[in-house]
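Results of the structural survey
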Amino acid sequence: MVSKKGGAGLAAAVGAVVLLGAGSAQAATPSRQPAAGPASLAKTDVGQALNGTTAGLGYGVAPIKSLRLDPWANSSADVLNNGATVQPDQGLAPVGTGTLTGPLSAGGGVKDLPLVSGLSGVLPG
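The rules behind these values
- Residues numbered from 1 in each chain as written.
- Predicted model: local features only at pLDDT ≥ 70, side-chain atom pairs only at ≥ 80, totals over all residues.
- Heavy atoms only, no water.
- Helix = DSSP H or I, 4+ residues; strand = E, 2+ residues; numbered from the N terminus.
- Buried < 20%, exposed > 50% of the residue type's maximum accessible area, 1.4 Å probe, protein only.
- Contact = heavy atoms within 4.5 Å.
- Areas by Shrake-Rupley, 256 points an atom, 1.4 Å probe, with all protein chains shown as cover.
- pLDDT = per-residue confidence, 0-100.
- Expected span 1.5 Å × (residues − 1).
- Bend = angle between axes of the 7 residues up to and from the residue.
- Patch = residues over 30% accessible without salt bridge, like charges linked within 9 Å, V, L, I, M, F, W, Y side chains within 5 Å.
- Salt bridge = Lys/Arg side-chain N within 4 Å of Asp/Glu carboxyl O.

Here we take up the overall build of the protein. Along its length, the protein carries four helices and two strands. The helix and strand sequence of the protein, counted from the amino end, reads α-α-β-β-α-α. For the protein, the proportion of its 125 residues judged to be buried stands at 10%. Contacts in the protein between residues far apart in sequence, at least 24 positions, make up 60% of those at least 6 positions apart. For the protein, the exposed surface amounts to about 10100 Å²; the carbon and sulfur share of it is 65%.

Structure below.
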């Protein structure tokens, strides 16, 4: 005597065999497609390629422009926090290192440097 649960499992197993058998029979039949010619690449749209490259470059360069260059900025171990000033003779204005090191010791990046910030504006991002 076969229980109803066993009959249902047997029916499911028979169904799986039928489905798998039909799938393998279709896979075994060879397809008769004509042989394809040599492969060719599609033409590249140069304008769109440059637009994509420029957009991607902007996203890659933007974080670099604001990256903090001095890891010890705003700390007691910051060596750029110290400055030197020279008072020239003949009444000229004093010259100090604070103008160059000040943005770095405040935690700035390339875009905050006095001379380099103009050049970093050329970069995308």
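To continue, consider the confidence of the model for the protein. Here the protein averages 76 in pLDDT, while 78% of its residues score no lower than 70. The spread of mean pLDDT over the elements of the protein runs between helix α1 (residues 4–28), the lowest at 63, and strand β1 (residues 85–86), the highest at 90.

Attention now goes to unusual backbone geometry. Glycine aside, the phi torsion of most residues is negative, and most peptide linkages are trans. In this structure, asparagine 74 takes a positive phi of about 60 degrees despite not being glycine. Its location among the elements puts asparagine 74 in the loop between α2 (46–65) and β1. Phi at glutamine 90 is positive, roughly 65 degrees, even though this residue is not glycine. The topology assignment puts glutamine 90 in the loop between β1 and β2 (95–96). For glutamine 90, a relative accessible area of 76% puts it in the exposed group.

With that settled, consider α2. Over its 20 residues, α2 runs 28 Å from end to end, which matches the ideal 28 Å to within 8%, given 1.5 Å per residue. The sharpest bend along α2 measures roughly 25 degrees and falls at tyrosine 59, with the proline proline 63 sitting one to four residues further on. When α2 is considered as a whole, its buried residues turn out to be Gly58, Val61 and Lys65.

On the surface, Leu100, Leu115, Val116 and Leu119 cluster together into a nonpolar patch covering about 430 Å² of accessible area. Here valine 116 shows up in helix α4 (residues 116–120).

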